[in-house]
Amino acid sequence: MAGKPRLTYLNGRGRMEPIRWLLAAAGVEFEEVYLETKEQYDKLIKDGFLLFQQVPLVEIDGMKMVQTRAILSYIAGKYNLYGKDLKERALIDMYVEGIADLMQMILMFPFSPPDAKEKNLESIKERATNRYFPVFERVLKQHGQDFLVGNKFSWADVQLMEAILAVEEKVPAVLSGFPQLQVFKTKMSNMPTIKKFLQPGSPRKPPPDAHYVDTVLKVFKK
Amino acid sequence: MSGKPKLYYFDGRGKMESVRWLLAAAGVEFEEEFLETREQYEKLLQGGSLLFQQVPMVEMDGMRMVQTRAILSYIAAKYNLYGKDLKERALIDMYVGGTEDLMGFILMFPFLSAEDKEKQRAFIVQKATSRYFPVYEKVLKDHGQDFLVGNNFSWADVHLLEAILMVEEKKSDVLSGFPQLQAFKARISSIPTIKKFLEPGSQRKPVPDDKYVETVRRVLRMYYDLKAN
């Protein structure tokens, strides 16, 4: 409707990154407002923008949407990335929820104490290779189609692509036992909207660094 | 399709309780298989029933569904508890997201040490009364309707009632500053399907006890060392 969606978050991946991916994959342009100070955040709360006092916040279609899953579901529904019926939705939901569990480990990683980082990295590698990637490898192998659900590009494909790249940043050879996922990754990379998102200058955010961690701690300090 | 939904979980609340609530609210009868031993769990794993090696798992409509949110969304949509359009869905999803976060603080409660339990109890009450309950109080006050979204009974109402009762178990007078929520609680509790679920003998599970915690730890070989928020 009127104007582009507007995303309010920190200038980094965090919980907003899957939303950036999904909007980009759907070919939807969006604006971003970056939280840099506690004062900005406190003002957002005071002005009643944040239903539960939290970001992500996405202003879209006259709504001030919060709760990452709610936002993603709305975008997927609106842009036909949510399957053709209830059962395809259910499959997509199962897949994205599983991937979200894996991404949660990556999300928390920069905030883990230094002496826990090695253990946490091992956990990410173990979960990716033993719990999550085998599922999608098998799904793709069994139906032989390009996309995870219903032979059609969906939110599940976008989420899986994001997860593959995020894990590869931590565990570079992680796809070595997963030929289907290697092919999937290549195919997704060549889809025009995703290809564009993967190019420099896109809204895609870099891996979190020390500055990002500091900003998070500063903005959300109690 | 063939028969009732079948729920695979421990004989206790955990992540499955919201599913029990929603099925009950929709008037849907369901069966349950309770995990009591490690061997049962390993058998489920080996049989390939658990997509990500986890429960909850619900067999329904020819699917073996996992991931609580996916299960709840499916049930809500199937039984017309998910609003009439995309925007009502969005509101329901936002509200459910909030109550899920709140109930998440309570989910881990039984696994905490006695000292951490007291800390967590205070944390739960503080979040309930300063972050979550005021939102729903305001929603109900602003539109003056009986239900949270679209003047129609939905998943959001069921989930909020479940959350209210769970927080009340931690502090019985927690609704004292929330007149709208008190009225909401009375109203939703008297809906026939929910009233039935709240009666003794229903499939609603009691507050988790030490036996529940021991069973979960033994079957999953996890959750030995949880800390308060």
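Please read all numbers here as calculations on a predicted model, not as lab measurements. (Residues numbered from 1 in each chain as written. Chains lettered and ligands numbered in written order. Predicted model: local features only at pLDDT ≥ 70, side-chain atom pairs only at ≥ 80, totals over all residues. Heavy atoms only, no water.)

With respect to the layout of surface pockets
Next, step 1: Estimates place the volume of the second largest pocket at around 620 Å³.
Next, step 2: Around the second largest pocket, the lining is made up of 23 residues, and of these A:Leu51, B:Tyr95, B:Val135, B:Lys138 and B:Val139 lie nearest the centre.
Next, step 3: The greatest single-element share of the lining of the second largest pocket, amounting to eight residues, is contributed by helix α5 (residues 114–143) of chain B.
Next, step 4: Residue composition of the lining of the second largest pocket, by class: 13 nonpolar, five polar and five charged. (1 Å grid on protein atoms, 1.4 Å probe; cavity = no way out; pocket = protein on both sides within 12 Å on 5 of 7 lines; lining within 4 Å. Points joined across faces, edges and corners; volume = space filled by probe spheres on them. Helix = DSSP H or I, 4+ residues; strand = E, 2+ residues; numbered from the N terminus. Nonpolar A, V, L, I, M, F, W, Y, C, P; charged D, E, K, R; others polar.)

Comments concerning the domain arrangement of chain B
Interfaces are frequently sized by the accessible area removed from exposure as the parts join.
Residue and element names in this part refer to chain B.
Next, step 1: For chain B, the assigned domains read domain 1 (6–79 + 199–220) and domain 2 (86–190).
Next, step 2: One C-alpha centre belongs to domain 1, the other to domain 2; they are set 22 Å apart.
Next, step 3: When domain 1 packs against domain 2, the two sides together hide about 1,600 Å² of surface, and 64% of this comes from carbon and sulfur.
Next, step 4: At the boundary of domain 1 and domain 2, one finds three salt bridges.
Next, step 5: Between Glu169 and Arg204 there is a salt bridge, with its nearest N and O atoms 3.9 Å apart.
Next, step 6: Our enumeration of links across domain 1 and domain 2 arrives at four residue pairs in polar contact (both at pLDDT 80 or more).
Next, step 7: Of all the secondary-structure elements, those providing two or more residues to the side of domain 1 that touches domain 2 are α1 (17–25), α3 (68–78) and α9 (210–220).
Next, step 8: Here the side of domain 1 that touches domain 2 is composed, by residue class, of eleven nonpolar, three polar and six charged. (Domains from an automatic or database assignment. Buried area = accessible area lost by both parts, 1.4 Å probe. Salt bridge = Lys/Arg side-chain N within 4 Å of Asp/Glu carboxyl O. Polar contact = N/O pair within 3.5 Å; in protein donor to acceptor, adjacent residues only side chain to side chain.)

Things to note about the interface of chain B and chain A
Next, step 1: At the junction of the two partners, chain B supplies 32 residues and chain A supplies 32 residues.
Next, step 2: Ranking the residues of chain B by area buried against chain A places B:Phe52, B:Met94 and B:Arg131 at the top, with a combined share of 23%.
Next, step 3: Scanning the region where chain B abuts chain A turns up one salt bridge.
Next, step 4: A salt bridge links B:Glu100 to A:Arg69, with the nearest nitrogen and oxygen atoms 3.8 Å apart.
Next, step 5: For the pair chain B and chain A, the interface holds ten residue pairs in polar contact (both at pLDDT 80 or more).
Next, step 6: For the side of chain B that touches chain A, the secondary structure elements donating two or more residues are β4 (63–66), α3, α4 (86–107) and α5 of chain B.
Next, step 7: Taken together, the residues of the side of chain B that touches chain A break down into 15 nonpolar, seven polar and ten charged. (Contact = heavy atoms within 4.5 Å.)

Regarding the UniProt feature "domain: GST N-terminal" (unreviewed entry) in chain A
Next, step 1: Using the residue numbers shown here, the UniProt feature "domain: GST N-terminal" (unreviewed entry) corresponds to residues 3–83 of chain A.
Next, step 2: With 36% helix and 20% strand, the stretch residues 3–83 of chain A has end C-alpha atoms that lie 26 Å from each other. (UniProt positions renumbered as here; feature names shortened; annotations may be inferred.)

Quick notes on the domain arrangement of chain A
Residues and elements named next belong to chain A.
Next, step 1: Domain assignment breaks chain A into domain 1 (6–79 + 198–211) and domain 2 (86–191).
Next, step 2: For domain 1 and domain 2, the distance between their C-alpha centroids amounts to 21 Å.
Next, step 3: Carbon and sulfur atoms supply 64% of the area that domain 1 and domain 2 bury against each other, a total of about 1,300 Å² over both sides.
Next, step 4: For the domain 1 face of the interface with domain 2, the top three residues by lost area are Arg15, Trp21 and Arg69, together amounting to 33%.
Next, step 5: Our enumeration of links across domain 1 and domain 2 arrives at three salt bridges.
Next, step 6: The closest approach of N and O atoms between Glu169 and Arg13, which form a salt bridge, is 2.8 Å.
Next, step 7: Summed over the shared surface of domain 1 and domain 2, the result is three residue pairs in polar contact (both at pLDDT 80 or more).

Looking at the nonpolar core
Next, step 1: Residues A:Phe133, B:Phe133 and B:Leu148 are the most contacted members of the largest nonpolar core, which totals 160 residues.
Next, step 2: Discounting chain neighbours no more than four positions away, the residues touching B:Leu148 are B:Tyr95, B:Tyr136, B:Val139, B:Leu140, B:His143, B:Ala156, B:Asp157, B:Leu160 and B:Phe184. (Core = buried A, V, L, I, M, F, W, Y, C linked by side-chain atoms within 4.5 Å. Buried < 20%, exposed > 50% of the residue type's maximum accessible area, 1.4 Å probe, protein only.)

A short note on empty space enclosed by the protein
Next, step 1: In the structure shown here, the tally under the stated rule is three cavities of 30 Å³ or more.
Next, step 2: Computed from the structure, the largest cavity encloses a volume of approximately 60 Å³.
Next, step 3: Residue lining of the largest cavity: A:Arg69, A:Ser73, A:Tyr82, A:Asp93, A:Glu97, A:Trp155, B:Arg69, B:Ala70, B:Ser73 and B:Tyr82, and that is the complete set.
Next, step 4: Elements that contribute at least two residues to the lining of the largest cavity include exactly α3 (68–78) and α4 (86–108) of chain A together with α3 of chain B.

Observations concerning the sheet that holds β4(B)
Residue and element names in this part refer to chain B.
Next, step 1: One open sheet accounts for four strands, arranged β2-β1-β3-β4; its pairing is mixed. The open sheet has two edge strands, β2 (31–34) and β4, and neither has a second partner. On average, adjacent strands in this sheet sit at an angle of 20° to one another, irrespective of strand direction.
Next, step 2: Inspection of the sheet shows strand β3 (residues 57–60) paired to β4 by four bridges, in the antiparallel sense. Following the sheet pairing, Met57 is matched in β4 by Val66.
Next, step 3: Helix-sheet contacts for α3 involve β3 and β4, and the interaxial angle to β4 is about 120°. (Pairing = 2+ DSSP bridges. Axes fitted to C-alpha atoms, helices over the stretch in contact; angles between N-to-C directions.)

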